[in-house]
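Reading the structure
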Amino acid sequence: MQKNNMIICRCEEVTYADLKKTKEKYNCTARELKLRTRAGMGYCGGRTCRSAVDKIASSLEKQKEKDIIPLKYQPPVRPVSFADLGGEHK
Amino acid sequence: MHNGIIIGAGPAGLTAAVTCAENGLDVIVLDEYMRAGGRLLGQLYEQPDGKWWNGIKESERLFQQAVDLGVQFRFGTAVSNIEYLDDMWVIYTEKEVLQTSNLLLATGAAESPVPVPGWTLPGVMSVGAAQVMTNVHRVKPGERGVIIGINVLSAAIAMELQLAGVEVASLTLPRMSEVTDVEAHPKEVMDSLLHVSHMAPSPFVKLGSKFMKGDFMKKMGAAFYPKNGVKMWDIPIQLRKAVIEIYGENQVEGVTLATINSKGDVVPGTEENIAADFVCIAGGLYPLAELAAIAGCPFYLVEELGGYVPLHSEEMETTLDGLYVAGNITGIEGAKVAAAQGHVAGLSIARNNGIRSLDYKIMDAIQHVKTTRDHAYIQFHPQIQKGRSKIQDQWNTYQRNVQEV
Ligand SMILES: Cc1cc2nc3c(=O)[nH]c(=O)nc-3n(C[C@H](O)[C@H](O)[C@H](O)COP(=O)(O)OP(=O)(O)OC[C@H]3O[C@@H](n4cnc5c(N)ncnc54)[C@H](O)[C@@H]3O)c2cc1C
Ligand code: FES
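The rules behind these values
- Along every chain, residues carry numbers that run from 1 in the direction the sequence is written.
- The lettering of chains begins at A and the numbering of ligands begins at 1, in the order of writing.
- Whole-chain, interface and lining totals are the exception, using all residues; otherwise, since this is a predicted model, local features are given only for residues with pLDDT of at least 70 and side-chain atom pairs are given and counted only at 80 or more.
- Side-chain descriptors were evaluated using all non-hydrogen atoms of the structure, hydrogens and water having been removed beforehand.
- Helix and strand labels come from DSSP, where a helix needs a run of H or I of at least four residues and a strand needs a run of E of at least two; each type is numbered from the N terminus.
- Note on classification: 1.4 Å probe, protein chains only; a residue is buried when its accessible area is under 20% of the maximum for its type, exposed when over 50%, partly exposed between these limits.
- Note on scores: pLDDT gives the predictor's confidence for each residue, bounded by 0 and 100.
- Residue contacts are defined here by distance: any two heavy atoms, one from each residue, within 4.5 Å place the two residues in contact.
- UniProt positions are given in the numbering used here, feature names are shortened, and annotations may be inferred rather than shown by experiment.
- Criterion for a salt bridge: a side-chain nitrogen of Lys or Arg within 4 Å of a carboxyl oxygen of Asp or Glu.
- Among buried residues, the Ala, Val, Leu, Ile, Met, Phe, Trp, Tyr and Cys ones that are joined through side-chain atoms within 4.5 Å form a nonpolar core.
- Only heavy atoms are used to decide nearness, and a residue is near a molecule or strand if one of them lies within 4 Å of it.
- Think of a polar contact as two N or O atoms within 3.5 Å of one another; within protein, one of them needs to be a possible hydrogen donor and the other a possible acceptor, and neighboring residues in sequence only count if both atoms come from side chains.
- Here the accessible surface of atoms and residues is derived via Shrake-Rupley with a 1.4 Å probe, and residues count as covered only by protein chains that are part of the display.
- Where each domain starts and ends follows an automatic or database-derived domain assignment.
- Buried area is calculated as the accessible area (1.4 Å probe) missing from two parts once they are joined, with the contributions of both summed.
- Only strands that DSSP links by at least two bridges are regarded as paired with each other.
- The handedness of a crossover follows from its direction of travel: if, with the strands pointing away from the viewer, the path from the first strand over the helix to the second runs clockwise, the crossover is right-handed.
- Under the grouping applied here, Gly and all other residues not named as nonpolar or charged are polar, the nonpolar ones being Ala, Val, Leu, Ile, Met, Phe, Trp, Tyr, Cys and Pro and the charged ones Asp, Glu, Lys and Arg.

Counting secondary structure elements, chain A contains four helices and two strands. In chain A, which comprises 90 residues, the proportion classed as buried is 39%.

As a further point, take the confidence of the model for chain A. Predicted confidence across chain A gives a mean pLDDT of 83, with 86% of residues reaching 70 or more. Within chain A, helix H4 (residues 82-85) of chain A has the poorest average pLDDT of any element, 76, and strand S2 (residues 14-15) of chain A the best, 94.

All names here are of chain B. Looking at the element boundaries, His2 is found in the segment before strand S1 (4-7). His2 gets classed as buried once you look at its relative accessible area, which sits at 13%. Other than its neighbours up to four places away in sequence, His2 contacts Asp26, Ile28, Gln72, Gln99 and Thr100.

The subject of this paragraph is the UniProt feature "domain: BFD-like [2Fe-2S]-binding" (unreviewed entry) in chain A. If you check UniProt for "domain: BFD-like [2Fe-2S]-binding" (unreviewed entry), the listed places come out as residues 7-56 of chain A in our numbering. Along residues 7-56 of chain A one finds 52% helix and 10% strand; the C-alpha atoms at either end are 13 Å apart.

Another aspect to go through is the pattern of salt bridges. One pass over the full model with this rule turns up 18 salt bridges over all chains. The closest approach of N and O atoms between B:Lys386 and B:Glu304, which form a salt bridge, is 3.8 Å. On the criterion of sequence distance, the pair formed by B:Lys386 in helix H11 (residues 384-404) and B:Glu304 in the loop between strand S20 (299-302) and strand S21 (307-310) is long-range, its members being 82 residues apart. Residue class for B:Glu304 comes out buried when judged on its relative accessible area of 7%. B:Asp359 serves as the salt-bridge partner of B:Arg351, at 2.9 Å between the closest nitrogen and oxygen. Among the residues examined, B:Arg351 registers a relative accessible area of 30% and is labelled partly exposed. Shared partners join several salt bridges into a network, and the residues in it are A:Arg47, A:Arg78, B:Glu32 and B:Glu290.

Moving on to the nonpolar core. Soluble globular proteins tend to bury their nonpolar side chains together. Of all hydrophobic cores here, the largest spans 35 residues; its most connected members are B:Val29, B:Val71 and B:Leu104. For this core, the elements supplying multiple residues, two or more each, are helix H1 (11-22), strand S2 (27-30), helix H2 (55-68), helix H9 (335-352) and helix H10 (359-374) of chain B. For this core, the element with the highest residue contribution is H9(B), accounting for eight residues. Core analysis: the second largest hydrophobic core is formed by 33 residues, A:Ile56, A:Leu71, B:Leu121 and B:Val124 among them.

Neighbouring residues of ligand 1: 36 residues in total, closest B:Asp31, B:Arg39, B:Gln43, B:Val79 and B:Asn328. Of the chains in the model, those with residues near ligand 1 are chains A and B. Between an oxygen atom of ligand 1 and a main-chain N or O atom of B:Ala12, the distance comes to 2.9 Å. Within the side chain of B:Gln131, a nitrogen or oxygen atom sits 3.2 Å from an oxygen atom of ligand 1. For ligand 1, whose accessible area on its own is 970 Å², the fraction buried by protein is 97%. Those elements that provide at least two residues to the shell around ligand 1 are H1, strand S10 (109-111), helix H3 (127-136) and H9 of chain B. Split by domain, the residues of the shell around ligand 1 number at least three in each of domain 1 (4-110 + 285-404) and domain 2 (113-281) of chain B.

Contacts between the two partners involve 33 residues from chain A and, on the opposite side, 31 residues from chain B. For the chain A and chain B pair, buried surface summed over both sides reaches about 3,100 Å², with 58% attributable to carbon and sulfur atoms. The tally of links from chain A across to chain B stands at three salt bridges. Notably, a salt bridge pairs B:Glu290 with A:Arg78, separated by 2.8 Å at the nearest N-O pair.

Once that is clear, we can look at the pairing of strand S13 (residues 167-174) of chain B. Residues and elements named next belong to chain B. Burial analysis of S13 places seven of its eight residues in the buried class, the great majority of the element. The pairing of strand S12 (residues 144-148) with S13 spans five bridges and is parallel. Counterpart to Val146 in the pairing with S13 is Ser170. The parallel pair S12 and S13, bridged by helix H4 (residues 152-163), forms a crossover whose chirality is right-handed. Strand direction decides the pairing type here: S13 and strand S15 (residues 235-247), joined by four bridges, are parallel. Note on S15: the bridge partner recorded for Leu171 is Ile237.

Moving on: the pairing of S15(B). Side chains on a regular strand alternate between the two faces of the sheet. Burial within S15(B) is extensive, with eleven of its 13 residues counted as buried. Between the end of S15(B) and the start of strand S16 (residues 254-259) of chain B, which pair antiparallel, lie six residues, with B:Gly248 showing a positive phi angle near 155°.

Before going further, it helps to examine the domain arrangement of chain B. All names here are of chain B. According to the domain assignment, chain B contains domain 1 (4-110 + 285-404) and domain 2 (113-281). Counting residues at the interface gives 17 residues for domain 1 and 15 residues for domain 2. For the pairing of domain 1 and domain 2, the buried interface totals around 1,400 Å² over both sides, and the portion due to carbon and sulfur atoms is 66%. Viewed at the interface, domain 2 and domain 1 are joined by zero salt bridges. On the surface where domain 1 and domain 2 come into contact, there are two residue pairs in polar contact (both at pLDDT 80 or more). Its residues assigned to classes, the side of domain 1 that touches domain 2 comprises twelve nonpolar, three polar and two charged.

Below, the structure written as structure tokens:
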């Protein structure tokens, strides 16, 4: 298997090549890369792929920001069912 | 209403709960897993003094102690969000919303992925999953495995697998790419491995730690490292080879290895196949701090601690009122250090609840964290002390800035 076909984000089936191409084309930040490809936006909430997506995004930048987490965390950090969100259980 | 809520029932959270309850507080512990212990559950090894460290027993002991003191537990309860409203921390779980003025985040650590071509095949798992299968569920992950990623944790788990009668065909590196970094560098790996020397009866690693002190020697070490690797506990360790692909039709059938030079580049034409029915990926651990990030804690990147950690004091307070952290969320260390930190956090929470004359106890407890660290059996990063002082400096700077404003 070629390195390029390698899946990075399993939930959304985004490959290494998808991420690299998108990054090169738009020269984007980690957040933009995520929004354009959906990498990190799947069921696991990015728990599996986030650091890899982050590495690809930051491989252009020379110095990592020490006090800013590259990909923001947003609630909910765990999957919540629609029934629970909708307040069916009272 | 509770005096305190603890998220995470690992060694840090359990010890904090026991400490709070001993000081008369009414606390509740939430954990998404179905039983207490966190990552302690998977740990099973012989310590230098010859005694066995059995994580399951250790977890049960702590859990029972907490229950006897009246601590309440909610298992299978994942926290999806927390926020600070009207001087109270509001904790959202699937089924209920809880409130408290003192909240401890003891959510532990998570494993970093190392994408390798073929890593989505059935039979590929994280090394931590193999540890849980073997030591907790007592199910063999397979008959013969390859571990990709050489670090303290994967070396320890390789040994545990072997004890369970599972063959580890090789401990090797991933191929270097944009998605791997230090874990694919022979020199860096060598450096970190030297710190398992006290665990290893192997003369190689022991020798290593003596001769590899200087940076120059380490470079030479990786360059002159025998092509066919060396053995630790009879497991071949291959720093001169890297996995370029995991292959198999419907599930793992093996890996393709190739020789790499001391910079980590593949030497063409050196590919060979190794049969295996499972593969473990070991990318190292990072602090699981999502909830602290959502809460709005300031963070700082400290490589020695495993990644981004929320700013915190030695008393285990964060910069936010009534929010505490303990255990691996503050940096990757062994279970005993996590428990010692949990004790400090428990005392700080008790003090914040108005329990008096705890200052000396807190000082002692902080000292105990340091002694435990100095005697730790497993050290995940060779420069852990340095990492701890970095975060302490950042905390001090932050406090000074706040005072000036
Ligand atoms: C795979 C793996 C293997 C390890 N092996 C070893 C080893 O062999 N030896 C060693 O000394 N150390 C090992 N460690 C390090 C280990 O993290 C520490 O030993 C110790 O367990 C840390 O304790 P803790 O209390 O900080 O966190 P943990 O023991 O990780 O406990 C954290 C708990 O928080 C819960 N949690 C997390 N997020 C949420 C949420 N949002 N909602 C509800 N609950 C949540 C988890 O379910 C977990 O039970 C390992 C770590 C990992 C990840
Ligand atoms: S693997 Fe990318 S979101 Fe789950």
